[in-house]
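Examining the three-dimensional arrangement
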Amino acid sequence: MNGAGRPAAFLDRDGTIIVEKHYLSDPMGVELAPGAAQGLTRLRQCGYALVLVTNQSGIGRGLLTMADFEAVQARLVEVLAAAGIRLDGVYMCPHHPAFTGPCSCRKPGLALFLEAAETLGLALGSSVWVGDRMRDVEPALALGGRGWLVGTRRLALRGTLPPGLSVAADLAAAAAAICKG
């Protein structure tokens, strides 16, 4: 699957596309992160499928329900649609190892990325991973793509990351660099 299909931008949700809020369960708390709409639009224009992959350990911890996640996700879809953006896929891990035991879908695990590649016909080797934590972008190293850590607090890591990982102030800055080449 690595060479076939179109490239994807595998995107974290909380802290990357939306402002991070502790175990978000209220759909009205959905707020696009600075640069998110511009970044998503740019990635789409550059030919990337937009695939959200998110860990939602609050479900496994009993702090929110699957219905809460679905309501927040529906609100995110509405907010993105208002900006002219559509996601190609959404993949979620509800587990937390301390509460539900180990799993292969929790990032940095590869299961959700491999599932998305198979389902959506994606080329992992030419894909990019964008998130605000190392676990969001580490799969790029295993699957042959490039990873971008976003967030101003991550800028201090510039120059200290392994080859294949970079940093940017926000999703718009990451998308600009990704689309440059």
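Quick look at the structure, then. (Residues numbered from 1 in each chain as written. Predicted model: local features only at pLDDT ≥ 70, side-chain atom pairs only at ≥ 80, totals over all residues. Heavy atoms only, no water.)

**Focus: the sheet that holds strand S5 (residues 146–150)**
Note the following rule: Criterion used throughout: strands pair if DSSP finds at least two bridges between them. Every helix listed is a DSSP run of H or I at least four residues long, and every strand listed is a run of E at least two residues long, numbered separately from the N terminus. Interaxial angle, 0 to 180 degrees, is taken between N-to-C directions of lines fitted to C-alpha atoms, where a helix line uses only the stretch in contact. In this description, contact between two residues means that some pair of their heavy atoms is separated by no more than 4.5 Å.
One open sheet holds the six strands; their spatial order is S3-S2-S1-S4-S5-S6, and the pairing between them is parallel. If you trace the sheet from one side to the other, it starts and ends with strand S3 (89–93) and strand S6 (165–168), each paired once. Geometrically, the sheet is characterised by an average inter-axis angle of 20 degrees between neighbouring strands, direction not taken into account. Examined bridge by bridge, S5 and S6 share four bridges and lie parallel to one another. Note that in S6 the partner of Val150 across the bridge is Ala168. Together, strand S1 (8–11) and strand S2 (49–55) form the strand contacts of helix H1 (residues 36–45), whose direction differs from that of S2 by roughly 135 degrees. Sitting on the sheet, helix H6 (residues 134–143) touches S2, strand S4 (128–131), S5 and S6, and the angle it makes with S4 is about 165 degrees.

**Focus on the nonpolar core**
Our working rule: Put simply, a nonpolar core is a bunch of buried Ala, Val, Leu, Ile, Met, Phe, Trp, Tyr and Cys residues held in one set by side-chain atoms that sit within 4.5 Å of each other. Partly exposed residues are those whose accessible area sits between 20% and 50% of the maximum for their type, while under 20% is buried and over 50% is exposed, using a 1.4 Å probe and protein chains only.
With 28 residues, the main nonpolar core has Leu11 and Leu43 as its most contacted residues. When residues of this core are traced back to their parent elements, those giving at least two are S1, H1, S2, helix H3 (66–82), S4, S5 and helix H7 (171–180). Look past the residues within four positions of Leu11 in its chain and what remains in contact with it is Ile17, Leu40, Leu43, Leu50, Val51, Leu52, Val53, Val130 and Leu171. Ranked by size, the runner-up nonpolar core spans 22 residues in total, among them Leu112, Val137, Leu143 and Leu161.

**Comments concerning the state of the cysteines**
Under the convention used in this document: Note on terminology: disulfide denotes any pair of cysteine sulfur atoms within 2.5 Å.
Scanning all chains against the criterion turns up one disulfide. Not engaged in a disulfide, the cysteine Cys93 finds its nearest cysteine sulfur in Cys105; these two sulfurs lie 3.3 Å apart. For Cys103, which is in no disulfide, the shortest distance to another cysteine sulfur is to Cys105 and amounts to 3.7 Å. Judged by its relative accessible area of 32%, Cys103 falls in the partly exposed class.

Geometric values such as these leave the question of function open.
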